[in-house]
Amino acid sequence: MTQDELIWRIAGGSGDGIDTTSQNFTKALMRYGLHVYTHRHYPSRIRGGHTYVEVRASEASVTSRGDGFNFLLALGDSFARNPSEGAVYGDEEKKPLFENLDELNEGGVIVYDTGVLDPDETRDLDERAEENDWHVYPVDLQSIARDHGRDVMRNTAGVGVTAALLDMPLDPIQELMSEAMGGDILEKNLDVLSDAHEYTNAEFDGAHDLRVPDHDHGEEQVLLSGSHGISYGAIDEGCRFVSGYPMTPWTDVFTIMSRELENIGGVAEQVEDEIAASMMAIGASHAGAKALSGSSGGGFSLMSESIGLAEMTETPLVLVEAQRAGPSTGMPTKTEQADLEFVLSTSQGDSSRVVFAPGNVKETYEQTRLAFELAYEYQLPAIVLYDDQLTGEFRNIPRSFFDREPNPDLGSVATEGELEDLPHDVGGRYERFRTDSDDAVNPRSLPGQRGGRFLATGNEHWPDGQIAEDTQNRIKQMNRRVSKINVVKDDLAERESTDTVIGDEDADLALLTWGSQKGVVEESVRRLTEQGVSIKSLSVSQMAPLRTDEIASFLEGVSNALVVEMNATSQFKNVLMREFGEYGALLESLLKYNGNPFEPAEIIEAVEIVQNGEDRDTLSETTLRPQVGDRA
């Protein structure tokens, strides 16, 4: 394959089967022995509107979407609202072809459906193809599909053409289709696939250098997204209750959890709004279940008061916040990292919570498990913060990665025997919130336990839970609750760090990032290192409490640090400035907030600008912000 990898983009309209087709093709590439990584771009519409999915495949492991793409399968938009140039949204019928050309790499391949896209109206394509050495293959996919039944099968025809042009055997694709379909539908799709493959081999000589090589993973692989990682991590950690209200992109986790819990005796509740969802999760946790809830953007905003209640009543609560481009409704199906400061501080008053922002699919699994463990041991909210990129980013993972023991343990819960020896008030209530202990965390009791009766209220309270406004009690209760985060920090310090450092440890040029941009930053560092640049990177996922000693050690000796994140207001840099003010003069921001994740070339471009001391104007849709005090 050109540059040792294939980056295949299938583009069409919402409702044209883009997502399903790309999933099956990705699985076929994975079964063919390649490492895969997907990127999804879709509008907030049920039908119609330009949508595409990219599939990057390589013999080597891939950690980002890459730079541009080298194979375009343009189906056209069969659900276009107004296929004319003067329409408000442009000519939607042609967008899957022409809106993707700017990112197609030199020497790339184009296949487009002449049944939807009239060749007489694509004459501009010929000139651009010649300029960029593109190889164009017009095929009437619609007619091939119609010969066997329905237009919708033209995506199957497109896959057949793709396989022929890449010299890729049909066996893995046919196997997947047989697993997903049956009966007459399967037979028709197999015929469409075969006919398109044969037609392409007969009509075109394939005079391009894109091919799929043979490769072998060595062990069985599975294809999963971050939403799967969160869901499976929660289930393996004993979660048996989920409550939620659908909202993109949180809906992915909610859907997977609801489906899986039904098979293992768990409970899934779709409720009327996010307030009810979070409150129901608190109730389930109070009753003795491991519970999960979550939302996105505005929906999570409604959970702010519930988070405060969980903190005050010291009820374990695990929430997922799936970021999308805001504010307000914003761009519901586009990615962004603009909720960090909100999630770190949401809810009223002084509060403590644990926040993880996993950087890839494996980390979503591991850090969700860790979030549950900490929430239930230390009786506080734990939030898993991810974004739309990780919901649509499918990657291959060895099945053996999930060969781990489940953990149904409820954390710091007293047995009835232990409750007999714990303090109670004169009325027999368990002093659940005692302040005379050396421990910040008191074991909780569950409803129905003998000797475990106490009051749970959102008001400040005495040790037995009764409402109190005594000043000395208030100070003691606040000090105990707030000190929990220090206990959590000490606990995490003894575990393997969830933050990762790569590159030259002595480099004076550094990149810092958090969450989903880990993979693209690390790929950029590897490429820059190959070019002879001395550079290192730190990818942070433990957002609260921060591993301050590790971050300070990383910044020590650095002369310039570029903070890479997907928002317009440098939110992670702001967090670093509050914690590490002495390093403020080193920190510069590289920001992207157009709804798409970073590509390696964009980060490499910014590094070169910083190295050369040039004006901070980038050629890409990114923004470089100077260090504090440097406004030149």
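About the thresholds
- Residues numbered from 1 in each chain as written.
- Predicted model: local features only at pLDDT ≥ 70, side-chain atom pairs only at ≥ 80, totals over all residues.
- Heavy atoms only, no water.
- Pairing = 2+ DSSP bridges.
- Helix = DSSP H or I, 4+ residues; strand = E, 2+ residues; numbered from the N terminus.
- Axes fitted to C-alpha atoms, helices over the stretch in contact; angles between N-to-C directions.
- Buried < 20%, exposed > 50% of the residue type's maximum accessible area, 1.4 Å probe, protein only.
- Salt bridge = Lys/Arg side-chain N within 4 Å of Asp/Glu carboxyl O.
- Contact = heavy atoms within 4.5 Å.

Asks: How would you sum up the sheet that holds strand S10 (residues 290–295)? Please name residues and give values.
Replies: Reading across from one edge, S9-S8-S10-S11-S13-S12-S18 is the order of the seven strands in this open sheet, with mixed pairing throughout. The open sheet has two edge strands, strand S9 (267–270) and strand S18 (542–544), and neither has a second partner. Each strand of the sheet is rotated relative to its neighbour by a mean of 20°, with strand direction disregarded. Examined bridge by bridge, S10 and strand S11 (residues 317–323) share four bridges and lie parallel to one another. If you follow Ser-293 over to S11, its bridge partner there is Leu-319.

Asks: How would you explain the pairing of strand S7 (residues 221–224) if you had to name every residue and give the values?
Replies: Burial along S7 is two-sided: the face carrying Gln-221 and Leu-223 and the face carrying Val-222 and Leu-224 are both buried. Relative to strand S14 (residues 395–398), S7 runs antiparallel, the two sharing four bridges. Across the sheet, residue Leu-223 finds its bridge partner in S14, namely Asn-396.

Asks: Could you give an account of unusual backbone geometry, naming the residues involved and the relevant values?
Replies: Here the amide bond leading from Gly-326 into Pro-327 is cis, since omega sits at 0°, within 30 degrees of zero. The residue Pro-327 is located in the loop between S11 and helix H13 (340–345) in this model. Unusually for a residue other than glycine, Ser-328 sits at a positive phi of about 55°. By secondary structure assignment, the location of Ser-328 is in the loop between S11 and H13. The backbone of Ser-570 sits at a positive phi, close to 55°, despite the residue not being glycine. Tracing the backbone through its elements, the reader meets Ser-570 in the loop between strand S19 (560–565) and helix H20 (571–579).

Asks: Let's hear about the pattern of salt bridges: which residues, and what values?
Replies: For the structure on display, the rule yields 38 salt bridges. Arg-154 is paired through a salt bridge with Asp-16; the nearest N and O atoms lie 3.5 Å apart. Placement of the pair is Arg-154 in helix H5 (residues 154–165) and Asp-16 in the loop between strand S1 (5–13) and helix H1 (18–31), with a sequence separation of 138 residues. Across this residue pair, the class does not change: Arg-154 and Asp-16 are buried. Across the pair Lys-95 and Glu-99 runs a salt bridge whose closest N-O atoms are separated by 3.7 Å.

Asks: Outline the environment of Val-540, supporting the account with residue identities and numerical values.
Replies: Inspection of the secondary structure puts Val-540 in strand S17 (residues 536–540). Along the backbone, Val-540 and Glu-614 are 74 residues apart, and their C-alpha atoms lie at a distance of 28 Å. Residues in contact with Val-540, not counting those within four places in the same chain, are Ala-357, Asp-499, Thr-513, Trp-514, Gly-515, Leu-546, Ile-551 and Phe-572.

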